[in-house]
Amino acid sequence: MWLTGRLMPDFKTIANFRKDNGKAIRQVCRQFIVLCRQLNLFTQALVAIDGSKFKAVNNRDKNFTPAKMKRRMEQINESVDRYLRAMDTADRAEPDVAVLKKERLQEKIEALKERMEHLKAIDAQMRATSDQQISLTDPDARSMKTREGGIVGYNVQTAVDAEHHLIVAHEVTNDGVDRDLLATMSEKAREAIGTKGLDVLADRGYYKSETILECTRSGITPIVPKTMTSNNLAEGRFDKQDFVYIPEVDEYRCPAGQRAIRRFTTLEHGLNLHKYWSSACPRCPIKSRCTTGDYRRITRWEHESVLETMQERLDRRPESMRVRRRTVEHPFGTLKFWMGATHFLCRTLPRVRTEMSLHVLAYNLKRVMRILGVGELLQVLRA
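Description of the structure in this document. Since this is a predicted model, take the numbers as computed values, not measurements. (Residues numbered from 1 in each chain as written. Predicted model: local features only at pLDDT ≥ 70, side-chain atom pairs only at ≥ 80, totals over all residues. Heavy atoms only, no water.)

### Considering the sheet that holds strand β13 (residues 298–301)
Ordered in space as β9-β10-β11-β12-β13, the five strands form an open sheet in which the pairing is antiparallel. Looking at which strands have only one partner, the edges of the open sheet turn out to be β9 (244–246) and β13. Here the average twist between neighbouring strands, direction ignored, is 35 degrees. Of the pairings in the sheet, the one linking strand β10 (residues 251–253) to strand β11 (residues 259–268) comprises three bridges and is antiparallel in character. The residue bridging Y252 from the neighbouring strand is A260, located in β11. Across the face of the sheet, helix α7 (residues 304–316) comes into contact with β9 and β13 while running at roughly 95 degrees to β13. (Pairing = 2+ DSSP bridges. Helix = DSSP H or I, 4+ residues; strand = E, 2+ residues; numbered from the N terminus. Axes fitted to C-alpha atoms, helices over the stretch in contact; angles between N-to-C directions. Contact = heavy atoms within 4.5 Å.)

Here you go:
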């Protein structure tokens, strides 16, 4: 700044540069990971994947869903009824006071009616969208659930290297659910690291049979704990894990030692599911600990062996989830600290992706400075 006589780019120049060069900025972020790969910083071929919700430039009051719309319309109708009752009460006051009160109340009622018409127009636009949701400030932002309740924002996905905690791949989406993103993020991470095989750690939110199978078939080894959807264990009854599958005869052995054979196959949610049960269920002495129905039915997906192999892998590596937490959660905390309470400053998905790429590039650059030192990194960059 002293050499240039305090000549520096204006904030608008920087903002326009970011807006006009989004594709190049994202490419630089990817290219830096290629440089890290050339420096042999990815030797373990182990990454952790997670997602976090980042606030958008869109107030919650400017985001509408059918439930929010119904609630706000009901609030307006309740307010109108309350003001009408107040007008009836005002008639019993002194004439000059009554006139003033009624005029003020009438103005409020008219304002609420205008607000109702405005909401009806927004409601028509909202119901014309594919996901029945609309945001007025940032049209791409979506309402998403978080541990603290919910925000209007974006779902940022990252794949973090377990050795040096570098963000090897990231993506910004306005889909608030992680379940469908395991295979996509795993493939991005493998491509970035440049390896054929890759171990991927993720939490229960990524557990989905189809994506786990897709990862396995492509040479990626997923380690994801199963989502507990049954209440049997909590209610003191046998869980599915208490039934032993015998692949040689394609049947289960129940805790009472009886055979549960395959009865039929059904198609549910695009999955071929085999149904098993034992004819001895009605006469079983421990039936009360097994099921409240006539028979204990066991469901098995046609590719269930893939899920069982993954569970065995997790059982042999019980520290996997601790490694996942200490690897992938800290970068999110660092990024949100840098970005401040408002998080994103840009609007619409393409510009938000560019903004996140800048933050990821800065994070990775500082990590490599800490790993290699500034001097060695400068030598590498000059070369």
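From this point, things continue past the structure.
### Overview of the nonpolar core
Membership of the largest hydrophobic core comes to 67 residues, with the highest contact counts inside it found for F54, Y154, V168, L182, F344 and M356. By residue number, the principal contributor to this core is helix α9 (residues 349–372), which donates seven residues. Ranked by size, the runner-up nonpolar core spans 15 residues in total, among them F64, M73, Y83 and I122. (Core = buried A, V, L, I, M, F, W, Y, C linked by side-chain atoms within 4.5 Å. Buried < 20%, exposed > 50% of the residue type's maximum accessible area, 1.4 Å probe, protein only.)

### A look at the environment of T299
Mapped onto the elements of the fold, T299 is located in strand β13. By relative accessible area, which is 28% here, T299 ends up partly exposed. It is 5.7 Å that separates the C-alpha atoms of T299 and H274, two residues lying 25 residues apart in sequence. Aside from chain neighbours lying at most four places away, what touches T299 is K240, L273, H274 and K275.

### Quick notes on the pattern of salt bridges
Following the criterion strictly, the structure yields 17 salt bridges and no others. The salt bridge involving D131 is made with R142; its shortest N-O contact spans 2.6 Å. In this pair, D131 is assigned in the loop between α4 (95–127) and β3 (134–135) and R142 in strand β4 (residues 142–146), connecting sequence segments 11 residues apart. Classification of R142 as buried rests on a relative accessible area of 12%. Note that E308 and R300 form a salt bridge whose closest N and O atoms lie 2.7 Å from each other. Judged by its relative accessible area of 29%, E308 falls in the partly exposed class. Each of D50, R324 and E329 takes part in salt bridges that share partners, so that together they form one network. (Salt bridge = Lys/Arg side-chain N within 4 Å of Asp/Glu carboxyl O.)

### Overview of the packing of aromatic side chains
The description of an aromatic ring pair uses the distance of the two centres, along with the angle that the planes make with each other. Tallying each qualifying case throughout the model produces nine aromatic pairs. Consider the rings of F54 and F344, whose centres lie 5.8 Å apart with planes at 40 degrees: the pair is tilted. Residue F54 is located in strand β1 (residues 46–55), and its partner F344 is located in the loop between α8 (320–339) and α9; the two are separated by 290 residues in the primary sequence. Both residues of the pair, F54 and F344, count as buried. Taking 6.4 Å as the distance between ring centres and 80 degrees as the angle between the ring planes, the aromatic pair formed by Y245 and Y276 counts as edge-to-face. With Y245 in strand β9 and Y276 in strand β12 (residues 271–277), the pair connects residues that are 31 residues apart, well separated along the chain. Taken together, F54, Y154, F332 and F344 form an aromatic cluster joined through their ring pairs. (Phe/Tyr/Trp six-rings, centres within 6.5 Å; stacked < 30°, edge-to-face > 60°.)

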